[in-house]
Amino acid sequence: MPQKITRDDVAHVADLARLALSDDELEQFTGQLAAVLDHAADVEALDVADVPPTSHPVPLENVLRDDVVTPSLDRAEVLAQAPAVEDDRFRVPPSLGQEP
Amino acid sequence: MTESGSRRGADEGGTKQWELVVGLEVHCELATATKLFCGCPNQFGAEPNTNVCPVCLGLPGSLPVLNRQAVEFAMRLGRALHCTVEPSTFARKNYFYPDMPKDYQVSQYDQPINAEGHLDLPSGQRIGIERAHLEEDTGKSTHVGGGGRIHEAGHSLVDYNRAGVPLVEIVGRPDLRSSEDAKAYAAELRAILLATGVSDAKMEEGSMRVDANVSVRHPGEEFGTRCEIKNLNSLRSLGRAIDYEARRQIDLIEAGERVIQQTRHWDEADGRTHTLRSKEEAYDYRYFPEPDLVPVVPSAEWLAEVEASVPTLPAERREAVAEAAGVTPADAALVVERGLDGLVLAAIAAGADPLRVLTHADHNLAVEGADALDPRALAELVTMEADGALTATQAKTVLAEMVAGGGSPAEIAGAKGFEAVSADALGDVVDGIIAANADEWDRYVNGDDKTRGKLTGFFVGQVMRATQGNADGKAVTALLEQRRGG
């Protein structure tokens, strides 16, 4: 049986997803997520020793395309969708210390 | 070794010896025509945001389709690094940073396409390769305001032309023990990338990017805490950054502090590394399988084709030259790097003295068109030189003519008026010069080694003038010594 999800786990996941949750919401989602995970834990009860791992639900492999250039989008059209543009580039807020 | 001491960090200061431990992670952009998952051009230096489409912009409803050529390049590189090619899958690496419009990067995680290989340095040292996997490159952010430095930026501008360009990330084992070895590893990997044709491997354009994991320890101890250094745009930066970082870590430990695991940014201008972020606050990337891509399981036929496309590698080429010339593989490194090994081997096969051929290739053939030389003509030239028909300087001049315009060395030497001075004639010239410079000769015969060294230069110069440069300097020196003794 996996460990129960804690309020700290939920706070961490919320932080990773850039969600600002109130204390009440943390409480609420901890309970809800625990219920979801309990449901998933049912699978753990099954004996799957003889079942090969599935890397994809669709039984396909090697779906490939040839290395041939196709037209790109018109830049004006692309940049028209952006909230802010400068020097033909997307202008975004600073991202201090968050580079991957 | 002319660089400021790869071992400076390891030997200086403190009573106990320090050992440097380095592992490199190298990202290289593959030389495909298009991106990894869409048909946008894979092109350096295009106008910003012109090579973009719904797939690489991460627009809703778009779906990636894997580029066959990228897979093939990755496998070819894997085999060149002696990896096994495995069935592989893709995963999403999730993070919030505007260089990927999707907020995740498609990479390979638990099932990489290449696993467990190695790379042999010219010195013979073998460096382990943990994996070499496929992933997509990110867009390019430019930080504006605050002097352009990332930690001071006011805002950022993003160009997505590079987003989705195919990369292979080559993860090396921490088997390197000096900055010189690290540079040799990066240079050898670059040579392999070029030889296999999978990447143009230009560090200055970012098509080959090196991150260094650096730690220090006392020999025989467990690995120390490591720091990862980014922003290394040249082999020189790589060497400097590793030496700086090793020194920094040693100073910390010797001051009774501890190294904190973190990612650091190399600043070439001030010659230091700076904290980018601590590992404690590093991302939990929440990798999960990419549902839009299916596994890659190369057939035996495809693998055989890839295997056949792997060219003879630099290490094997160095071995071949070393064997033919009776030198060490390290001595053969330069000619292989210059692509002159074929010429050298053919000239040796045509009967030329191997060491003289290597000397010419190392010193006189670092020029455009040298690889097109007729090896038989080179062999002929080297033989003329060995027989004393040409001096070393004359041979060099004739060789330059041969590279520029072809032709036979005998004809070029004839046209230039290079005539071998016979041993008898040279002896007469030397005797004449000695007679005409009795004072200098007296000091040559009776002076100390330093004086004699200076006067050797004087006498050789006089003989050269008398023979219009047709005398061999070494032969003149030998005659002077003979006259002194006799």
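Cut-offs used in this document
- Residues numbered from 1 in each chain as written.
- Chains lettered and ligands numbered in written order.
- Predicted model: local features only at pLDDT ≥ 70, side-chain atom pairs only at ≥ 80, totals over all residues.
- Heavy atoms only, no water.
- Phe/Tyr/Trp six-rings, centres within 6.5 Å; stacked < 30°, edge-to-face > 60°.
- Helix = DSSP H or I, 4+ residues; strand = E, 2+ residues; numbered from the N terminus.
- Buried < 20%, exposed > 50% of the residue type's maximum accessible area, 1.4 Å probe, protein only.
- Pairing = 2+ DSSP bridges.
- Patch = residues over 30% accessible without salt bridge, like charges linked within 9 Å, V, L, I, M, F, W, Y side chains within 5 Å.
- Areas by Shrake-Rupley, 256 points an atom, 1.4 Å probe, with all protein chains shown as cover.
- Salt bridge = Lys/Arg side-chain N within 4 Å of Asp/Glu carboxyl O.
- Contact = heavy atoms within 4.5 Å.
- Polar contact = N/O pair within 3.5 Å; in protein donor to acceptor, adjacent residues only side chain to side chain.
- pLDDT = per-residue confidence, 0-100.
- Domains from an automatic or database assignment.

Q: I'd love a proper account of the packing of aromatic side chains, names of residues and values included.
A: Residues and elements named next belong to chain B. Counted according to the given criterion, the structure contains ten aromatic pairs over all chains. A ring pair is formed by F37 and F90, whose centres lie 5.8 Å apart and whose planes are at 80 degrees; its orientation type is edge-to-face. Note that F37 is positioned in the loop between strand 1 (19-29) and strand 2 (66-67) and F90 in the loop between strand 3 (84-85) and strand 4 (91-94), a separation of 53 residues in sequence. A single burial state applies to F37 and to F90, both of which are buried. Note on Y109 and Y287: the rings are 3.8 Å apart at their centroids and 10 degrees apart in plane angle, and the pair reads as stacked. On the criterion of sequence distance, the pair formed by Y109 in the loop between strand 5 (104-107) and strand 6 (114-120) and Y287 in the loop between strand 14 (272-278) and strand 15 (288-289) is long-range, its members being 178 residues apart. Overall, the relative accessible area of 42% leaves Y109 in the partly exposed class. In this structure an aromatic cluster arises from ring pairing among Y95, Y109, Y285 and Y287.

Q: Give a detailed account of the pairing of strand 10 (residues 166-172) of chain B, specifying residues and quantitative values.
A: All names here are of chain B. Here strand 10 lies mainly inside the structure; seven of its seven residues are buried. In this structure, strand 1 lies alongside strand 10, joined through five bridges in antiparallel fashion. Note that in strand 10 the partner of C28 across the bridge is V168. Bridging between strand 7 (residues 126-136) and strand 10 involves seven bridges; their strand directions are antiparallel. Bridge assignment links L134 to a residue of strand 10, and that residue is V168.

Q: Mind laying out unusual backbone geometry, listing which residues take part and the relevant values?
A: Residues and elements named next belong to chain B. The phi angle at D103 is positive, at roughly 70 degrees, despite the residue not being glycine. In this structure, A201 is a non-glycine residue whose phi angle is positive, near 50 degrees. You can see A201 is positioned in the loop between helix 3 (179-196) and strand 11 (208-217).

Q: Lay out the sheet that holds strand 2 (residues 85-86) of chain A in plain terms, naming residues and giving numbers.
A: Across the sheet, which stays open at both edges, the four strands sit in the order 2(A)-3(A)-9(B)-8(B) with antiparallel pairing between neighbours. Across the chains shown, the open sheet's two edge strands, defined by having one partner strand only, are strand 2 of chain A together with strand 8 (140-144) of chain B. Here strand 8 of chain B runs beside strand 9 (residues 155-159) of chain B; their pairing, made up of five bridges, is antiparallel. The residue of strand 9 of chain B that forms the bridge with S141 of chain B is V158 of chain B.

Q: Give a description of a nonpolar patch on the surface that names residues and reports values.
A: Residue and element names in this part refer to chain A. Taken together, the side chains of V43, L46, V48 and V51 define a hydrophobic patch exposed on the protein surface, amounting to about 380 Å² of accessible area. Here L46 shows up in the loop between helix 2 (23-41) and strand 1 (64-65). Looking at L46, the relative accessible area reads 56%, which means it is exposed.

Q: Give a description of the environment of Q105 of chain B that names residues and reports values.
A: Residue and element names in this part refer to chain B. Following the sequence through the fold, Q105 ends up in strand 5. Given a relative accessible area of 6%, Q105 falls into the buried group. C-alpha separation for the pair Q105 and E290, spaced 185 residues apart in sequence, amounts to 10.0 Å. The residues touching Q105, leaving out its near neighbours within four places in the chain, are A91, R92, K93, Y95, M100, E135, E136 and T138. Among the polar contacts listed, one links the side chain of Q105 to the backbone oxygen of E136, at a separation of 2.7 Å.

Q: Quick one: what's the story with the confidence of the model for chain A, residue by residue and with numbers?
A: Considering every residue of chain A, the mean pLDDT works out to 87; 91% of them sit at 70 or more. Taking the mean pLDDT of every element in chain A, the minimum, 88, falls on helix 1 (residues 7-16) of chain A and the maximum, 98, on strand 1 of chain A.

Q: Can you tell me about the domain arrangement of chain B, naming the residues and giving the values?
A: If you check the domain split of chain B, you get domain 1 (8-308), domain 2 (314-415) and domain 3 (423-485). For domain 1 of chain B and domain 3 of chain B, the distance between their C-alpha centres works out to 60 Å.

Q: So, the pattern of salt bridges: which residues are in play, and what are the values?
A: When their charged atoms lie close together, side chains carrying opposite charge are able to pair. One pass over the full model with this rule turns up 36 salt bridges over all chains. Here R68 of chain B ties to D66 of chain A by a salt bridge, and the two come within 3.3 Å at their closest N and O atoms. One end of the pair, R68 of chain B, is in helix 2 (residues 68-80); the other, D66 of chain A, is in the loop between strand 1 and helix 3 (75-80), on a second chain. Look at R68 of chain B and you get partly exposed, because its relative accessible area is 35%.

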